[in-house]
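# Structure assessment
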Amino acid sequence: MQKRSLKNYTLRYLVIAILGIIALWAALFYMYIIEEVYDNIDDGLKDTRLRIMREAESDPEILLTRKYDIARFRVTPLPPGDYSRKSHIYNSKMYMPYDDDDEPVRVLQSIFSSKGQEYQLEIYTSTVEEDELLEDLLTALVVLYIALVVSIILINHFILRKAWTPFYRFMEQLRHYKIGGRNRLDPMPATIREFDELYTELSAMIERNETVYLQQKQFIENASHELQTPLAIASNKLELLMNRPDLTEESLVQIDEISRTLQRLKRLNRSLLMLSKIENRQFQPSGDILLNDLIKQALNDLEMLITSKNTEVAFREQGDFIAEINPDLASSLIGNLLKNAIVHNIKGGILDISVSEREVVISNSGETPLNKEQIFERFYKNEQNERSTGLGLAIVKSIIRLYPFLTLEYDYEGMHRFTLRKL
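Now for a quick tour of the structure. Throughout, residues of each chain are indexed from 1 in the direction in which the sequence is written. In view of the model being predicted, local features appear only for residues whose pLDDT reaches at least 70, and side-chain atom pairs are presented and counted only at 80 or more, with totals across whole chains, interfaces and linings using the full set of residues. Where side-chain values are given, they derive from all heavy atoms of the structure, hydrogens and water being excluded.

## Side note on unusual backbone geometry
- Here the phi dihedral of Asn-310 falls at roughly 55 degrees; this positive angle occurs in a residue that is not glycine.
- In this fold, Asn-310 is placed in the loop between helix 7 (303–308) and strand 6 (312–317). What counts as a helix is a DSSP run of H or I of at least four residues, what counts as a strand is a run of E of at least two, and both are numbered from the N terminus.

## Let's talk about a nonpolar patch on the surface
- Together, Val-142, Ile-146, Val-150, Leu-154, Ile-155, Phe-158, Ile-159 and Leu-160 make up a nonpolar patch on the protein surface, roughly 720 Å² of accessible area in all.
- Residue placement: Leu-160 occurs in helix 2 (residues 130–163).
- The classification of residues rests on relative accessible area computed with a 1.4 Å probe and restricted to protein chains. Under 20% of the type maximum is buried, over 50% is exposed, and intermediate values are partly exposed. A relative accessible area of 35% places Leu-160 in the partly exposed class. Like-charged residues within 9 Å of one another, or nonpolar side chains (Val, Leu, Ile, Met, Phe, Trp, Tyr) within 5 Å, are grouped into patches, provided each residue has over 30% relative accessible area and no salt bridge. For accessible areas, the Shrake-Rupley method is used with a probe of radius 1.4 Å. Any residue's cover is judged against the shown protein chains and nothing else. We define a salt bridge as a side-chain nitrogen of Lys or Arg found within 4 Å of a carboxyl oxygen belonging to Asp or Glu.

## Regarding the side chain of Asn-345
- Position of Asn-345 relative to the elements: it lies in the loop between helix 8 (327–343) and strand 8 (350–355).
- Here Asn-345 falls in the buried class, since its relative accessible area comes to 4%.
- Contact partners of Asn-345, with chain neighbours within four places excluded, come to Lys-309, Thr-311, Ile-350, Leu-351, Asn-364 and Ser-365. Should any heavy atoms of two residues lie within 4.5 Å, those residues are counted as being in contact.

## Describing the packing of helix 8 against helix 9 (residues 392–402)
- To get an axis, fit a line to the C-alpha atoms, keeping to the stretch in contact for a helix; angles then go from 0 to 180 degrees between the N-to-C directions. Put simply, helix 8 and helix 9 touch, their axes get as near as 9 Å, and they point 145 degrees apart. As for the relative orientation of helix 8 and helix 9, their crossing is left-handed in sense. Contact residues: Leu-329, Ser-332, Leu-333, Asn-336, Leu-337 and Asn-340 in helix 8; Gly-392, Leu-393, Ile-395, Val-396, Ile-399, Ile-400 and Leu-402 in helix 9.
- Throughout, the ten residues Ala, Val, Leu, Ile, Met, Phe, Trp, Tyr, Cys and Pro are labelled nonpolar, Asp, Glu, Lys and Arg are labelled charged, and all others, Gly among them, are labelled polar. Its residues assigned to classes, the contact of helix 8 with helix 9 shows nine nonpolar, four polar and no charged. Working rule for handedness: look at the near helix, and if it is turned counterclockwise from the far one by less than a right angle, call the crossing left-handed; if clockwise, right-handed.

## Remarks on helix 9
- Buried residues dominate helix 9, accounting for eight of its eleven residues.
- Along helix 9, the positions that sit buried rather than exposed are Gly-392, Leu-393, Ala-394, Ile-395, Val-396, Ser-398, Ile-399 and Ile-400.

## Some remarks on the packing of aromatic side chains
- For Phe, Tyr and Trp, where Trp contributes only its six-membered ring, two rings pair if their centres lie within 6.5 Å, and the inter-plane angle classes them as stacked under 30 degrees, edge-to-face over 60, or tilted in between. Scanning all chains against the criterion turns up five aromatic pairs.
- When the centroid spacing of 5.0 Å and the interplanar angle of 85 degrees are considered together, the rings of Tyr-68 and Tyr-124 count as edge-to-face. Of the two residues, Tyr-68 is situated in the loop between helix 1 (6–58) and strand 1 (73–78) and Tyr-124 in strand 4 (residues 117–126); the sequence distance between them amounts to 56 residues.
- A relative accessible area of 24% places Tyr-68 in the partly exposed class.
- When its relative accessible area of 10% is taken as the criterion, Tyr-124 is described as buried.
- Ring geometry for Tyr-403 against Phe-405: centres 5.9 Å apart, planes inclined by 65 degrees, an arrangement best described as edge-to-face.
- Taking the relative accessible area as the measure of exposure, Tyr-403 reaches 9% and is therefore buried.
- Note on criteria: charge over ring means Lys NZ or Arg CZ within 6 Å of the ring centre, with the direction from the centre no more than 35 degrees off the ring normal. Over the face of the ring belonging to Tyr-38 we find Arg-106, whose NZ or CZ atom lies 4.4 Å from the ring centre.

Here's what the structure looks like:
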């Protein structure tokens, strides 16, 4: 699902909320206005009823008004009976010559007595046209809603964008931040307290990360350097020990196993030193390197390993892959990729290498796919192998990170395939 920015996320729900609030307010406002209008009209009708009843006592001719006229009332005599004196008010429609149409009116109907005769009094008055009032109200509300939304968008665009400027600058600095670079966040003048707190916390977090990272690097580098000498001494002593004539075959086997373990430790130590140098950027500037030649040289260096695994090699050159990269790092990159494809190949498997101007594709036989999320992590191994240190692909990934124009992808379609691509 596509993510939205905080500004647009807030604006969306604010617009929806305003629409709901205005709709509810419009309904309540409409009912209130209609109620007030009818209340005022009803008060006028009741006042007119009292005036007519009083005038009827002094002017009996009023009781002869049988049709609605200019006075807007009529009096109808009723037969003797017991009638309710409660007034009844209701809405109706009446023909209006001015509009030549039936228009809404408010009618008051009441019973009164004059000189022993019961009469029905009906008084009407014009009222507002509710449909026109509702239409005008909706039109006004639509205009108001559009004006509010446009105002919010403009405020959101100009005022909030200015308020969020320090945040976006922090994000831009974090986007270019790389651990180990000893980067620092530039302070941003902000009038918002939360952004000052954000700057303080981010700066403290970066400082902690840099300190821990530096300590780890120094530990790995120092440990690797310190291990070189005792490993070399132990290896030499084992070689001298193996040359003694009084050793039994069982002793020789055990010494050979110890020697292989030491060789693995030496390879692991060299890999850790390589990683440390890569991350410390201790290599000379880059130059244009033809990776085709490096692949041929690496295959020649790994010939004994290829033979021992009985691996069938297919090498196809469809173009020259030239990259501006440090020669030592380029050799390590190609060497680790090829060695990984050979060491983790099946017995009698296939090693297929294809080179073009923009891609180097290295494929090898394999029965199950690797975990894409973990294969480039340090010490990750999907199987135990004495020739593997679990650092080869981690070194490859560290080298790739130094050169943004290079990418490395892994996929599995019957064979493990690593694709080195030049952007």
